Amino acid sequence: MQAGSKYEPVIGLEVHVQLLTATKIFCGCSTQFGSPPNTNVCPVCLGLPGALPVLNKQVVEFAVLAAMALNCRINETSIFARKNYFYPDLPKGYQISQYDKPLAEHGYIDIETAAGGAKRIGITRLHLEEDAGKSLHEGFHDSGERSYIDLNRSGTPLVEIVSEPDLRSPEEAFEYLTRLKEIILYTGVSDCNMEEGSLRCDANVSIRPRGQKEFGTKTEIKNVNSFRFVRQALEYEIERQIEVVEEGGRITQETRLYNSAEGRTYGMRSKEHAHDYRYFPEPDLLPLVVDSQWQQKIKANLPELPEARRSRMVNEYGITMQDAGVLTATRSLADQFEEAARAAKNPKKVANLVQSELMGRLKAQNLGIEQSPISMKGVAFSADLVESGAISGKMLKDLYDLAFERNQDFPVVYEKEKPQQISDDATIEKMIDEVIAASPKQLEQYRAGKTTIIGFFVGQVMKASKGQANPEKVNELLKKKLG
Ligand SMILES: [Zn+2]
């Protein structure tokens, strides 16, 4: 580990994100995941001779939206290019991608560092390309001798997002990926489902002696299928490179695969260079022009992004940045929360209940927020009840427990379990008299003009009635008594 401090890792990430369009990028075939093999195909995505690509407009709009969310500059004109290589899952023998004139460039994502500060990670480029098919090496009776091919994925629209080599630790890479995914999810252009391959990540990593300007020789770790594994693979690879260098060896530029079961990377092949692909402009497609008018139209669909939303929510609801972080984890959760909070008497109380009562119970039962029996509206409803004194904090906890036990929303449980209300004037008046008699100091303050202290009296009466007194009645009668 001592050697580790002598060297500085340099990491850059290439992320492929599948766009959530109904059809493929250059043909009308469905992009539906999980269809029977080779059913969503046509002459275009099968690469049959003479078939011509037609660009899907929605793909362009989704990609531009993603680029804008990542603070990229949109190039008004970008060029599709052929990337030539042979692989069984690539029927045309080339992939249509973008090369020297990508759709967008010069973006960034701000990440939080371990020290608590912010760091800006540059995004070199975002370009459009088509996905390849899938070779199936497992699951058939003769998988020992044969591989099968499913071309449903061939021609699925992707954006590739390439970062600058600005990341200096596996932790920063993890943070960058988390933020990137969050932003893309907010734009709604991808579901970022890693199990289904909608988000894939390759990591370039090298090491250099601290203080040295030049980069070391990098290796590329391919297709790691979770952010946690990306972090682990980088940790392993950095240690491996340090060992090689410390022993007087040299790093070979190569592509490596991460084996998550063994926690190590393996050399796969020497890394390709750009010239290996013999890029040239795609002759079957015109330059892509996204003029400023079209850009403005797309920009109108840009939602408020998570970082801005967190800051606003902190100001608007008086919650902490940490609370805001939890509540903005997905756009739909944030929407639900805000809708509920705006309707509630005390938005801060709603945020508190989510944090203190809801999250803990969800965690204990291993449930995601979207599986919560209590909706955000339910939380807001319960907050109002506590706020008005209709139920005590203890009662609220019991009702939350019941809601989780029965898998029912809070209002349903409350209707069934709510305490018998006392609305009878004489009984309430008697309780009020007792409370006033027991609180001479507060009475004095009230009479001296501090009328806000009425809240204290309401609370005391509600407590005395074990939450059963009708709060409106209590308010009304108290005002009369106090004069
Ligand atoms: Zn097709």
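Quantities reported herein were computed from a predicted structural model and do not represent experimental measurements.

Asks: How should the coordination of the zinc ion be read in this particular structure?
Replies: Between any two of four tetrahedral donors, the ideal angle at the metal is 109.5 degrees; between two of six octahedral donors, it is 90 or 180 degrees. In this structure, Cys27 (SG), Cys29 (SG), Cys42 (SG) and Cys45 (SG) serve as the protein donors to the zinc ion, at separations of 2.3 to 2.4 Å. One can describe the donor arrangement at the zinc ion as tetrahedral, given that its four donor atoms subtend angles of 99 to 116° at the metal. Between the donor residues of the zinc ion, the gaps in sequence give the motif C-x1-C-x12-C-x2-C. With Cys27 in the loop between strand E1 (7-18) and helix H2 (57-69) and Cys45 in the loop between E1 and H2, the pair connects residues that are 18 residues apart, well separated along the chain. On the accessibility criterion, Cys27 (12% relative accessible area) is buried. Take Cys45: its relative accessible area is 5%, and that puts it in the buried class.

Asks: Is there a simple way to explain the sheet that holds strand E2 (residues 73-74) in this structure?
Replies: Strands belonging to one sheet form pairs held by backbone hydrogen bonds; the direction of such a pair is parallel or antiparallel. Across the sheet, nine strands lie side by side as E2-E6-E7-E10-E1-E11-E12-E13-E14; this open sheet has mixed pairing. Where the open sheet ends on each side, the last strands, each with one partner, are E2 and strand E14 (264-270). Judged from the six bridges that link them, strand E13 (residues 254-259) and E14 form a sheet pairing that is antiparallel. Counted as the bridge partner of Arg256 is Gly267 from E14. This element, helix H3 (residues 170-187), spans E1, strand E6 (104-112), strand E7 (118-130), strand E10 (157-163) and strand E11 (199-209) of the sheet and lies at about 115° to E6.

Here is what the cut-offs are and how they apply
- Residues numbered from 1 in each chain as written.
- Predicted model: local features only at pLDDT ≥ 70, side-chain atom pairs only at ≥ 80, totals over all residues.
- Heavy atoms only, no water.
- Donors = N, O, S within 2.8 Å, 3.2 Å for Na, K, Ca; no water.
- Tetrahedral: all angles 85-135°; square planar, octahedral: opposite > 155°, others 65-115°.
- Helix = DSSP H or I, 4+ residues; strand = E, 2+ residues; numbered from the N terminus.
- Buried < 20%, exposed > 50% of the residue type's maximum accessible area, 1.4 Å probe, protein only.
- Pairing = 2+ DSSP bridges.
- Contact = heavy atoms within 4.5 Å.
- Axes fitted to C-alpha atoms, helices over the stretch in contact; angles between N-to-C directions.

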